[in-house]
2 protein chains.
Amino acid sequence: MPTWRDNVRKVVPYVPGEQPNKKDVIKLNTNENPYPPAPGVKKALDSFDYETLRKYPDPKCSKLVSAIASYYGLSEDQVFVGVGSDDVLAMSFLTFFNSGKPVLFPDITYSFYDVWADMLRIPYRQVPLNNRFHVDPDDYIGDCGGIVIPNPNAPTGIAEKMDTYEKILDGHPGVVVIIDEAYVDFGAESVLPLIDKYDNLLVVQTFSKSRAMAGSRIGFAMGSPELIKYLSDVKFSFNSYTMDRVTIDLGTAALSDRKYFEEGVNKIIRTREWTKKKLKDLGFEFGDSVSNFIFARHEGVSASDLFEWLKSEGIYVRYFDKPRISDYLRITIGTDEEMEIFIEKVKTYLTMHGIG
Amino acid sequence: MPTWRDNVRKVVPYVPGEQPNKKDVIKLNTNENPYPPAPGVKKALDSFDYETLRKYPDPKCSKLVSAIASYYGLSEDQVFVGVGSDDVLAMSFLTFFNSGKPVLFPDITYSFYDVWADMLRIPYRQVPLNNRFHVDPDDYIGDCGGIVIPNPNAPTGIAEKMDTYEKILDGHPGVVVIIDEAYVDFGAESVLPLIDKYDNLLVVQTFSKSRAMAGSRIGFAMGSPELIKYLSDVKFSFNSYTMDRVTIDLGTAALSDRKYFEEGVNKIIRTREWTKKKLKDLGFEFGDSVSNFIFARHEGVSASDLFEWLKSEGIYVRYFDKPRISDYLRITIGTDEEMEIFIEKVKTYLTMHGIG
């Protein structure tokens, strides 16, 4: 006899990185920013009038949209905001990938792409990165239902030159191409200037990493007014009021302090380069990360063993038990002090195992 | 030549009630609560540490889920939370209504149901309310892909007796039945006790109305652990971190003050009953609303004319240009003072037009 269970959309959900409850943990596992949000965010929080919570927020989030547009030199109709870039990306999959043809994304990439595709019954094909973990535009030639590539890619941290993305765009005027720039502020070149040339290019960014506001859930997309309009229509057909009043205010405040933002990003870049040097000295290999994490392996070390041992020592990094990357660890860049402790711990592990 | 536009999910989005920017407006158009959230919400806001925003929120919103479960005497695996009840309902449509058979809901009801169904390509059939705007369970007999009914219904404000919903549930063990209780706290009887008897019953509620937190975006669903598990899996496949850190804290705080909540609801009920009496004296007709709004018409008055005139006088109510209800206005219950001004204005209008 048929039951209601027969018609449930059954999925294997995305598993986010652990959020340990323990104190005194060094958390290098979810690419969070080790520094607080801009001081203006605190001011905005302090001056927020809780009585206004009785009223719905502005469904268009105009204040925040306008601040983003002005920050990036765009017009407001080129900006879409959502509850984190995951929300923006999920809405984009729902809006743009309806051809029935496979959507293309790298085989090693953000682990949510195949989850969204599976959940929304969108066919997809994973295009292998080359053996140095780079995107080769020639691999993307041919008919498809859309393309999603992170710039820089995750979990590799590697970015491509602008002309790689341009080649892909030139080959695909008939589908929407999403460039997911969650980590772009840490050293990659944004493809944002290309949105004026390609009306099918959607650039997605987030406040979760470089703006240290993962806890606020703010993501945004930039593209041609036509793309943004279609995306907004679907969003308004899903949930009119996604972003709460407090978050709209805090996000707007965060954008008003360009100096704090740039200094914070530069601190993380310096710490990343220091960590790269130390890891190299210890015999680790990794691509040229321009993000706030390093994706590294060591010939003499089992990544999963090191991952478990670090965890037992109170240091959380990320391990993916997946083809091609199961000997790698993804290490988020924390404060200088955290990275010094991390490096010391890794040294201890290597010594314990007679390596190095 | 095919373009990317060919594969866009094109939709006619839901249009939320106006959010006028003007000051000194009496806003009786979006069923907001005229009173502020519980004082504990202010305390939670004041003590929120903005530095924690750098970290992702708890994806399971455990603190809030636990507070809701404890408030309603449930276990945590019977509770799901989302970004407003619209988010919960959209996720539920996506999760449960995949049979290809039409989903049933009243012809006069929350105007988002057909928007979700259209957007998600779910077939549906609108079941006419009877001529007194009540739900007749006999009209729901027969094969279908699921059922959604608000208790009380919107925009009528009318609730049914428990046995109406039980009859519908008894007739449909093979599909998920959603009872949307956005307005239940203003005088209707919740079907929540039925979730132990029917594992296919999902009860959806919100903090936007009775808890005066529309600006925070908190909705929740209660049902059997199996239903909740399926819904959570889809949510985690759409967006792992939907609710921001501030909102989780504020929502949890709101639940700790049962007395403030009950007093607030009772104030609104008293004002509603006063408003009903006044409207009746002025010749308006309406069903027995047990919500925080009244859905009323007047034989001698064009609803759309009155709507426009009230707006020009700074009073916003809601008008739906739809079959069967185009001679009605939906009037949210504001403060006593707001409702007195509203009644006076309506009197003026009637006098101007030689009525009453």
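That block above? That's the structure.
One numbering rule holds for all chains: residues counted from 1, following each sequence as written. A letter from A marks each chain and a number from 1 marks each ligand, given out in the order of writing. Per-residue local features of the predicted model are confined to residues with pLDDT of at least 70, and side-chain atom pairs are confined, for both listing and counting, to 80 or more; whole-chain, interface and lining totals are unaffected and use all residues. Here the side-chain values reflect all heavy atoms present in the structure, with hydrogen atoms and water set aside.

A. Representation of the sheet that holds strand β7 (residues 201-206) of chain B. All names here are of chain B. Two strands qualify as a pair provided that DSSP identifies no fewer than 2 bridges between them. Segments assigned H or I by DSSP are reported as helices when at least four residues long, segments assigned E as strands when at least two residues long, and all are numbered from the N terminus. Taken together, the 7 strands give an open sheet; going across it, the order is β2-β8-β7-β6-β5-β3-β4, and neighbouring strands pair in mixed fashion. With one partner strand each, in any of the chains shown, β2 (79-82) and β4 (124-127) form the two edges of the open sheet. Pairs of neighbouring strands in the sheet enclose a mean axial angle of 20 degrees, with direction left out of account. We call two residues contacting when some pair of their heavy atoms lies within 4.5 Å. A fitted line through C-alpha atoms serves as each axis, taken over the contacting stretch for helices, and the angle formed by two N-to-C directions is quoted from 0 to 180°. Where helix α3 (residues 84-96) meets the sheet, it contacts β2, β5 (146-150), β6 (177-180), β7 and β8 (219-222), and its direction lies at approximately 160 degrees from that of β7. Against the sheet, helix α6 (residues 225-238) contacts β2, β7 and β8, and its axis sits at roughly 30 degrees relative to β2.

B. A look at the relation of the copies chain B and chain A. Least-squares fitting of one copy onto the other uses the C-alpha atoms of those residues that reach a pLDDT of at least 70 in both copies. When chain B is brought onto chain A, the operation consists of a screw motion whose angular component is 180 degrees and whose axial shift is 0.0 Å, with 0.0 Å RMSD remaining. In short, the pair behaves as if placed about a two-fold rotation axis. Using C-alpha coordinates, one finds that chain B approaches the rotation axis most closely at B:D46, a distance of 3.4 Å.

C. Highlighting the sheet that holds strand β13 (residues 329-332) of chain B. Residues and elements named next belong to chain B. Strand order in the open sheet made by the 4 strands is β9-β10-β13-β12, with antiparallel pairing throughout. Every interior strand has two partners, whereas the edge strands, β9 (284-286) and β12 (318-319), have only one. In terms of strand pairing, β12 meets β13 through 2 bridges, oriented antiparallel. What sits directly across from R318, in β13, is R330. Sheet contacts for helix α8 (residues 258-281): β9, β10 (293-298) and β13; angle to β9, the most-contacted strand, approximately 130 degrees.

D. Broad picture of the side chain of B:S208. Relative to the assigned elements, B:S208 resides in the loop between β7 and β8. Polar contact criterion, stated in full: a pair of N or O atoms within 3.5 Å, where within protein one must be able to donate a hydrogen and the other to accept it, and residues adjacent in sequence count only if both atoms are side-chain atoms. A distance of 3.2 Å separates a polar atom in the side chain of B:S208 from a polar atom in the side chain of B:R217. If sequence neighbours within four positions are ignored, B:S208 has contacts with A:Y56, B:M213, B:A214, B:R217 and B:I218.

E. Structural context of the nonpolar core. By size, the foremost hydrophobic cluster in this structure holds 186 residues, and its most contacted members are A:F342 and B:F342. Ranked by residue count, the leading element in this core is helix α2 (residues 62-72) of chain A, at 7 residues. Setting aside anything within four residues of it in sequence, one finds A:F342 in contact with A:L28, A:L279, A:L310, A:I315, A:V317 and A:I331. Formed by 70 residues, the second largest nonpolar core is a distinct cluster that contains A:V11, B:Y14, B:V176 and B:L227. Working definition of a nonpolar core: buried Ala, Val, Leu, Ile, Met, Phe, Trp, Tyr and Cys residues. They are joined through side-chain atoms within 4.5 Å. Exposure is judged per residue with a 1.4 Å probe applied to protein chains only, and the accessible area is read against the type maximum: over 50% gives exposed, under 20% gives buried, and values in between give partly exposed.

F. Representation of the interface of chain B and chain A within the structure. Counting residues at the interface gives 84 residues for chain B and 83 residues for chain A. Computed with a 1.4 Å rolling probe, the buried area is the accessible surface lost when two parts are put together, summed over both parts. Carbon and sulfur atoms supply 62% of the area that chain B and chain A bury against each other, a total of about 7,000 Å² over both sides. Salt bridge, as applied in this entry: a Lys or Arg side-chain nitrogen positioned within 4 Å of an Asp or Glu carboxyl oxygen. One can count 4 salt bridges joining chain B with chain A. One salt bridge connects A:R5 with B:E226, and the closest N-O pair in it is separated by 2.5 Å. Taken together, the links from chain B to chain A amount to 41 residue pairs in polar contact (both at pLDDT 80 or more). Of all the secondary-structure elements, those providing two or more residues to the side of chain B that touches chain A are α1 (39-46), α3, α4 (113-119), α6 and α7 (245-254) of chain B. The greatest single-element share of the side of chain B that touches chain A, amounting to 8 residues, is contributed by α6(B). Class assignment for the residues of the side of chain B that touches chain A results in 47 nonpolar, 19 polar and 18 charged. When residue character is reported, Ala, Val, Leu, Ile, Met, Phe, Trp, Tyr, Cys and Pro are called nonpolar, Asp, Glu, Lys and Arg charged, and the others, Gly included, polar.

G. Representation of the packing of aromatic side chains in the model. Aromatic rings from Phe, Tyr and Trp, with only the six-membered ring used for Trp, were paired whenever their centres fell within 6.5 Å, and each pair was classed as stacked if the ring planes differed by under 30 degrees, edge-to-face if by over 60, and tilted otherwise. Tallied over the full model, the rule gives 43 aromatic pairs over all chains. Note on A:W4 and B:Y230: the rings are 6.0 Å apart at their centroids and 85 degrees apart in plane angle, and the pair reads as edge-to-face. Of this pair, A:W4 sits in the segment before β1 (26-27) while B:Y230 sits in helix α6, each in a different chain. Residue class for B:Y230 comes out buried when judged on its relative accessible area of 17%. Connected via pairs of aromatic rings, a cluster forms that spans A:F93, A:F97, A:F105, A:Y110, A:F112, A:Y113, A:W116 and A:Y124. In this scheme, Lys NZ or Arg CZ marks a charge over a ring once it lies within 6 Å of the ring centre and within 35 degrees of the ring normal. Over the ring of A:F293 we find A:R330; its NZ or CZ atom is 5.7 Å from the centre of that ring. Above the face of the B:F236 ring, B:K235 is positioned so that its terminal group lies 5.2 Å from the ring centre.

H. Structural detail: the pattern of salt bridges. All names here are of chain B. One pass over the full model with this rule turns up 36 salt bridges over all chains. E273 is the partner of K276 in a salt bridge, and the nearest nitrogen-oxygen pair spans 3.0 Å. With K276 and E273 both in helix α8 and 3 residues apart, the pair spans about one turn of that helix. Accessibility expressed as a relative area gives 7% for K276, which makes it buried. On the basis of relative accessible area, E273 is assigned to the partly exposed category, the value being 36%. Two residues, K347 and E344, come together in a salt bridge whose shortest N-O distance is 3.4 Å. Separated by 3 residues within a single helix, K347 and E344 lie in helix α10 (residues 336-352), roughly one turn from each other.

I. Examining the environment of B:V234 more closely. With respect to the helices and strands, the residue B:V234 is situated in helix α6. Residue contacts for B:V234: discarding those within four places in its chain leaves A:R9, A:V11, A:M119, B:M91, B:L94 and B:T95.

J. Quick look at the side chain of B:T156. All names here are of chain B. By the secondary structure assignment, T156 is in the loop between β5 and α5 (162-171). For T156, a relative accessible area of 2% gives the class buried. Within the local environment of T156, its side chain forms a polar contact with the backbone nitrogen of I158, the two atoms lying 3.2 Å apart.

K. Just the environment of A:Y71, in detail. Residues and elements named next belong to chain A. With respect to the helices and strands, Y71 occurs in helix α2. Given the relative accessible area of 11%, Y71 is considered buried. Residue contacts for Y71: discarding those within four places in its chain leaves R211, L255, R258 and F261.

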